[in-house]
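# Examination of the molecular architecture
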Amino acid sequence: MAEVEKREEFIEEVPEKEEKIYVASQWKLMWWRFRRNKLAIAGLVVLIIFYIIAAFCEFFAPYDPYKYDVRYVLAPPQRIHFVDEHGFHLRPFVYAYKMDIDPNTLRRIYSEDKTRKYPIKFFVRGHEYKLLGLFKTDIHLFGVEGDGHIFLFGTDSLGRDVFSRVIYGTRISTTVGLVGIFLSFLFGIIIGGISGYYGGPFDIIIQRIIEILRSIPTLPLWMALSAAVPANWSPVKVYFAISIILSFIGWTGLAREVRSKFLSLREEDFVTAAKLAGASEGRIIFRHLLPSFLSHIIASLTLSIPGMIIGETSLSFLGLGIRPPAISWGVLIQDAQNFRTVALAPWLLLPVVFVILVVLSFNFVGDGLRDAADPYAR
């Protein structure tokens, strides 16, 4: 009897699950398939964390990223301790640095001063800033009080805290891709839609322009366009100029995808029915054609954001993109472009880790969206 009851319950559950699938919207089906991809979910969590840090970077950074201290030039990262000569402590702490000069190489050597200990505390007061550019405050997530310092990622050649500069660099490096993608989205949808929907001479001219742009090597084209940016421009103007430069190159791939979709869909029955019903061409394009493969466009855009981030990092590393005093990961990596610096201060390469982490996360999310948008997936 127990086995019969279990079978009856199973038979009842299966139709209920199938009924939910049949009546679910396209977006809900995408979400159900997307959340089964563990790597995509992990990537999404990482990206959410990075964008929260980008929005509130002043709060998360313990120090002013522009403040330098000649006493701590190229100081290595400090170790966080829980145990001292008195035993284990629940509150972590760091030891102060003491500096000596190597008599042979004249190199600064930093070591821990066990006589000075600084507990790490949360929500400490530091330099004043405006949260989200609106609210004036001096509360930071963590830090040490008094005259102590905590350099989780060490310091650079001017004695500036590398961790704080990486946190501030998150804002520009993660948002420049979004701005560029938004512009690429507009260019790709409009130009690709015109090429695919109208065809004829429009299609021929647009496709020849795309082929010319795609045949130019990417890096020389970036360098040529970046060289046109005036050197006396403010960091904000340079930021938007780099976004436009990246989008000027990135729209071609999306335009071709939109064109191919339009060519295959413009003769479908639902498009013919919309024309017979008197729908305008704009309505057919934006209310019928685009929504039919919008999920594919979203997945494609998500996968192209890493290219934008790497493009900004490459240009800034070469000195052609965002320039100091603006802070981005590319600007920070520029400090580590000579062998001597890497050999003596390898912690200056830590921004590379964040670039890799964000790019991988976007790729995982993009792959998850692409699989979730597959109409034949179960």
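First, a word on what this report is: a plain description of the structure on this page. Just so it is clear, the structure is predicted and the values come from calculations on it, not from any experiment.

Mapped onto the fold, D156 is located in the loop between strand 5 (135–143) and helix 5 (162–198). Take D156: its relative accessible area is 2%, and that puts it in the buried class. Only 3.0 Å separates the side chain of D156 from the backbone nitrogen of L158, close enough to count as a polar contact. Setting aside residues up to four positions removed in sequence, D156 forms contacts with Y72, V73, L74, V162, R165 and L348.

This part covers the sheet that holds strand 1 (residues 81–84). Pairing is antiparallel across the open sheet formed by three strands, whose spatial order is 1-2-3. The strands lining the two open edges of the sheet, one partner per strand, are strand 1 and strand 3 (108–119). When the angles between neighbouring strand axes are averaged without regard to direction, this sheet yields 60°. By the bridge criterion, three bridges tie strand 1 to strand 2 (residues 87–101) in an arrangement that is antiparallel. Counted as the bridge partner of D84 is G87 from strand 2.

Turning our eyes to something else, we now look at the environment of R108. Of note, R108 is situated in strand 3. Classification of R108 as partly exposed rests on a relative accessible area of 32%. In this structure, the C-alpha to C-alpha distance between R108 and L74, residues 34 residues apart in sequence, is 8.3 Å. Once residues lying within four places of it in the same chain are set aside, the contact partners of R108 are V70, R71, Y72, V73, M99, D100 and I101.

Although it is not a glycine, L74 adopts a positive phi angle of roughly 55°. Mapped onto the secondary structure, L74 falls in the loop between helix 4 (57–60) and strand 1. Although it is not a glycine, F123 sits at a positive phi angle of roughly 55°. As for its placement among the helices and strands, F123 is situated in strand 4 (residues 121–131).

Remark: helix 9 (residues 269–276) packs on helix 10 (residues 281–292), axes separated minimally by 11 Å, with the N-to-C direction vectors making an angle of 150°. One way to sum up the angle between helix 9 and helix 10 is to call them roughly antiparallel. Here helix 9 runs over helix 10; the crossing is right-handed. Of the residues in helix 10, those touching helix 9 at F270, V271, A274 and K275 are I284, H288 and L289. Here the contact of helix 9 with helix 10 is composed, by residue class, of five nonpolar, one polar and one charged.

What follows is about empty space enclosed by the protein. Scanning the entire structure with this criterion turns up two cavities of 30 Å³ or more. In this structure, the largest cavity occupies an estimated 80 Å³ of space. Listed by contribution, the elements that provide at least two residues to the lining of the largest cavity are strand 2 and strand 3. The greatest single-element share of the lining of the largest cavity, amounting to three residues, is contributed by strand 2. Residue composition of the lining of the largest cavity, by class: six nonpolar, three polar and two charged. In this structure, the second largest cavity occupies an estimated 60 Å³ of space.

Let's shift gears to a nonpolar patch on the surface. On the surface, F182, L186, F187, I190, I194, Y198 and F202 cluster together to form a nonpolar patch covering roughly 650 Å² of accessible area. Top element by residues in the nonpolar patch is helix 5. It accounts for six residues. Structurally, the position occupied by F202 is in helix 6 (residues 200–215). Residue F202 is classed as partly exposed on the basis of its relative accessible area, which comes to 49%.

Of note, E58 is situated in helix 4. A polar side-chain atom of E58 sits 3.0 Å from a polar atom in the side chain of R171.

Taken as a whole, the second largest pocket holds about 390 Å³ of empty space. Considering the residues around the second largest pocket, the lining is formed by 24 residues, among which P62, Y63, K67, G148 and H149 are closest to the centre. Residue contributions to the lining of the second largest pocket peak at four residues, all from strand 4. Broken down by class, the residue content of the lining of the second largest pocket amounts to seven nonpolar, eight polar and nine charged.

What follows deals with the nonpolar core. Core analysis: the largest hydrophobic core is formed by 78 residues, its most contacted members being I242, F262, L289, I297, I322 and W329. Apart from the residues lying within four places of it in its own chain, the contact partners of I297 are F185, I189, L254, V258 and L290. Core analysis: the second largest hydrophobic core is formed by five residues, I206, I210, L213 and W251 among them.

How each quantity is defined
- Residues numbered from 1 in each chain as written.
- Predicted model: local features only at pLDDT ≥ 70, side-chain atom pairs only at ≥ 80, totals over all residues.
- Heavy atoms only, no water.
- Helix = DSSP H or I, 4+ residues; strand = E, 2+ residues; numbered from the N terminus.
- Buried < 20%, exposed > 50% of the residue type's maximum accessible area, 1.4 Å probe, protein only.
- Polar contact = N/O pair within 3.5 Å; in protein donor to acceptor, adjacent residues only side chain to side chain.
- Contact = heavy atoms within 4.5 Å.
- Pairing = 2+ DSSP bridges.
- Axes fitted to C-alpha atoms, helices over the stretch in contact; angles between N-to-C directions.
- Parallel < 35°, antiparallel > 145°, perpendicular 65-115°, else oblique.
- Left-handed = near helix turned anticlockwise from the far one by under 90°.
- Nonpolar A, V, L, I, M, F, W, Y, C, P; charged D, E, K, R; others polar.
- 1 Å grid on protein atoms, 1.4 Å probe; cavity = no way out; pocket = protein on both sides within 12 Å on 5 of 7 lines; lining within 4 Å.
- Points joined across faces, edges and corners; volume = space filled by probe spheres on them.
- Patch = residues over 30% accessible without salt bridge, like charges linked within 9 Å, V, L, I, M, F, W, Y side chains within 5 Å.
- Areas by Shrake-Rupley, 256 points an atom, 1.4 Å probe, with all protein chains shown as cover.
- Salt bridge = Lys/Arg side-chain N within 4 Å of Asp/Glu carboxyl O.
- Core = buried A, V, L, I, M, F, W, Y, C linked by side-chain atoms within 4.5 Å.

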